[in-house]
Amino acid sequence: MMNPFLSFIVRSFVAFPITVITWLVCLFPVGLTLGPSTGYAILAGVLTHVVLSLFMNSRFLTKHQLSRKEYRYIRKNLAEAKQKISRMNKSIFKIRDISSVKQRIDIHRITKKIHKMTMKEPKRFYKAEEFYFSHLDSVVELTEKYSFLSSQPKQNAEIGQSLIETRRTLNELSKVLEEDLYHVISDDVDTLNFEIDVAKHTLKQKKDSKFPEENRWLK
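In short, a report on the structure. (Residues numbered from 1 in each chain as written. Predicted model: local features only at pLDDT ≥ 70, side-chain atom pairs only at ≥ 80, totals over all residues. Heavy atoms only, no water.)

Helix and strand content of the protein chain: 8 helices and 0 strands. Secondary structure elements of the protein chain occur, N-terminal to C-terminal, as α-α-α-α-α-α-α-α. When burial is assessed residue by residue, the protein chain has 30% of its 219 residues classed as buried. Accessible area for the protein chain stands at about 15,200 Å²; split by element, carbon and sulfur atoms hold 63% of it. (Helix = DSSP H or I, 4+ residues; strand = E, 2+ residues; numbered from the N terminus. Buried < 20%, exposed > 50% of the residue type's maximum accessible area, 1.4 Å probe, protein only. Areas by Shrake-Rupley, 256 points an atom, 1.4 Å probe, with all protein chains shown as cover.)

Attention shifts here to the packing of helix 1 (residues 4-27) against helix 2 (residues 34-63). Relative orientation of the contacting elements helix 1 and helix 2 amounts to 150°, with a least axis distance of 8 Å. Judged by the angle between their axes, helix 1 and helix 2 are roughly antiparallel. Considering the relative orientation of helix 1 and helix 2, their crossing is right-handed. A class-by-class count of the residues in the contact of helix 1 with helix 2 yields 15 nonpolar, 10 polar and 1 charged. (Axes fitted to C-alpha atoms, helices over the stretch in contact; angles between N-to-C directions. Parallel < 35°, antiparallel > 145°, perpendicular 65-115°, else oblique. Left-handed = near helix turned anticlockwise from the far one by under 90°. Nonpolar A, V, L, I, M, F, W, Y, C, P; charged D, E, K, R; others polar.)

Now for the nonpolar core. Grouped together as the largest cluster of nonpolar side chains are 27 residues, with contacts concentrated most on Met-88, Ile-107, Ile-114, Phe-131, Tyr-132 and Leu-136. Of all elements in the fold, only helix 2, helix 3 (68-94), helix 4 (101-120), helix 5 (129-150) and helix 6 (157-184) reach the threshold of two or more residues within this core. A total of 7 residues in this core trace back to one element, the largest contributor, which is helix 3. Residue contacts for Ile-107: discarding those within four places in its chain leaves Met-88, Ile-92, Val-139, Leu-170, Ser-174 and Leu-177. Ile-95, Tyr-146, Ile-159 and Leu-163 belong to the second-largest nonpolar core, a separate cluster that totals 5 residues. (Core = buried A, V, L, I, M, F, W, Y, C linked by side-chain atoms within 4.5 Å. Contact = heavy atoms within 4.5 Å.)

Bringing the environment of Glu-121 into the picture now. Relative to the helices and strands, Glu-121 is located in the loop between helix 4 and helix 5. Note on Glu-121: relative accessible area 33%, which makes it partly exposed. With 58 residues separating them in the primary sequence, Glu-121 and Lys-63 have C-alpha atoms 9.7 Å apart.

For helix 6, built from 28 residues, the straight-helix expectation of 40 Å at 1.5 Å per residue is met to within 8% by its first-to-last C-alpha distance of 40 Å. Buried residues of helix 6: Ile-159, Leu-163, Thr-166, Leu-170, Leu-173, Ser-174, Leu-177, Asp-180, Leu-181 and Val-184, and no others. For helix 6, the side-chain oxygen to backbone nitrogen distance between the N-cap and Glu-158 is 3.2 Å, and the N-cap itself is Asn-156. (Expected span 1.5 Å × (residues − 1). Polar contact = N/O pair within 3.5 Å; in protein donor to acceptor, adjacent residues only side chain to side chain.)

On to the pattern of salt bridges, then. Within the structure shown, the criterion is met by 7 salt bridges. Between Lys-102 and Asp-106 there is a salt bridge, with the nearest N and O atoms lying 3.0 Å from each other. Remark: Asp-106 and Lys-102 occur in helix 4; sequence separation between them is 4 residues, near one turn of the helix. With relative accessibility at 60%, the residue Lys-102 sits in the exposed group. Judged by relative accessible area, Asp-106 falls into the buried class, the value being 15%. Between Asp-106 and Arg-109 there is a salt bridge, with the nearest N and O atoms lying 3.6 Å from each other. (Salt bridge = Lys/Arg side-chain N within 4 Å of Asp/Glu carboxyl O.)

That's the geometry; what it means functionally is another story.
Quick look at the structure:
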């Protein structure tokens, strides 16, 4: 997703000098009074902000091959996912069980990675739909349940068994999340493997052309 703060800074950097120039032109060459000059200057600055915003949005959507409708849909789901991940993290860091520390760290790392990658490249959302619409909800629900049960001052055999089952299920879910992450980056892996094959082929051709006699005798 586009960084709203950075986008605002860029627009302001362009709009500010335009506002000042408009104010000076209206005030001196045109001969308007202070009030109208200031009004036109503000209007010029606002219009610059609007035009640049539309241009930057259009450029961003073109770069990522998304329509405005698709982008709104993805942005809405990512915003909801951010809240879910925040809930999950609160639960994770409340749990004091030492035996599940690595498991919780892995879950935190993978969910954060998937969400961060999708924010940066929204089209990856379609590769992570199972994560956003199913697996993330399950992880949030289980971590909250685990946090609640483990925080009880008095625990009986039933609570202990529930904790064991929840921990086991979370362990299985962490493996599912790893598969989600791999699926999100699968195109990158395929591209990398293709580039490696091309590089190897290029190096082999270069070696063959450099030592033709040696290669002929080796054959």
